[in-house]
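Results of the structural survey
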Amino acid sequence: MTELERMLKDTLTRMEQDFSTVLISQGKTLEEQRRALAAQSQSLRQLQEQNSRNNAELQALTRRLEDLAGSYRSLEPLLSRLNDILNGK
């Protein structure tokens, strides 16, 4: 093997090792990013579920408030008359 062949072989071997090291490192990085993305995805699903529950609860409370407002409107004339009676009018 000539000196040039040996130098080329050594260079290619080092490049292959460097490339392998970089690929392994990038693979680890990608796996870490995949895990982080999976965790964020799970968190997002939980937040969406909580948001749905909150929206349902808000709608129920809104209906309840509307019912109470309707009851108040129905009772308001009676309350006015009762107030007048109590005040001696």
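Just above, that's the structure.
Reference entry: report on the structure contained in this document. (Residues numbered from 1 in each chain as written. Predicted model: local features only at pLDDT ≥ 70, side-chain atom pairs only at ≥ 80, totals over all residues. Heavy atoms only, no water.)

**Examining the overall build of the chain**
- Looking only at helices and strands, the chain has 1 helix and 0 strands in total.
- For the chain, whose C-alpha radius of gyration is 37 Å, the value lies well above the compact-globule estimate of 12 Å for 89 residues.
- Dimensions of the chain along its principal axes, counting C-alpha atoms only, are 125 × 20 × 10 Å.
- Residues classed as buried in the chain amount to 0% of the 89 residues present.
- Of the roughly 8300 Å² of accessible surface on the chain, 58% is carried by carbon and sulfur atoms.
- Computing the positive centroid from 13 side-chain charges and the negative centroid from 13, the chain places the two 8 Å apart. (Helix = DSSP H or I, 4+ residues; strand = E, 2+ residues; numbered from the N terminus. Rg over C-alpha atoms; globule rule 2.2 N^0.38 Å. Buried < 20%, exposed > 50% of the residue type's maximum accessible area, 1.4 Å probe, protein only. Areas by Shrake-Rupley, 256 points an atom, 1.4 Å probe, with all protein chains shown as cover. Lys, Arg positive; Asp, Glu negative; His and termini not counted. Charge placed at Lys NZ, Arg CZ, Asp CG, Glu CD.)

**Points about helix 1 (residues 3-86)**
- Counted at 1.5 Å a residue, the expected span for helix 1 with its 84 residues is 124 Å, and the 117 Å between its end C-alpha atoms agrees.
- In the segment just after helix 1, Gly88 is the residue with positive phi, at about 80°. (Expected span 1.5 Å × (residues − 1).)

**Considering a nonpolar patch on the surface**
- A cluster of nonpolar side chains, contributed by Tyr72, Leu75, Leu78, Leu79, Leu82 and Leu86, occupies part of the molecular surface with about 610 Å² of accessible area.
- Tracing the chain through its elements places Leu79 in helix 1. (Patch = residues over 30% accessible without salt bridge, like charges linked within 9 Å, V, L, I, M, F, W, Y side chains within 5 Å. Salt bridge = Lys/Arg side-chain N within 4 Å of Asp/Glu carboxyl O.)

**Observations regarding the pattern of salt bridges**
- Considering all chains together, one arrives at 4 salt bridges under this definition.
- Ionic pairing is found between Arg35 and Glu31, a salt bridge with its closest N-O pair at 3.4 Å. Pair noted here: Arg35 and Glu31 are both in helix 1, with a separation of 4 residues, about one helical turn.
- You can call Glu31 partly exposed: its relative accessible area is 28%.
- Several salt bridges converge on common partners, so that one network encompasses Glu3, Arg6 and Asp10.

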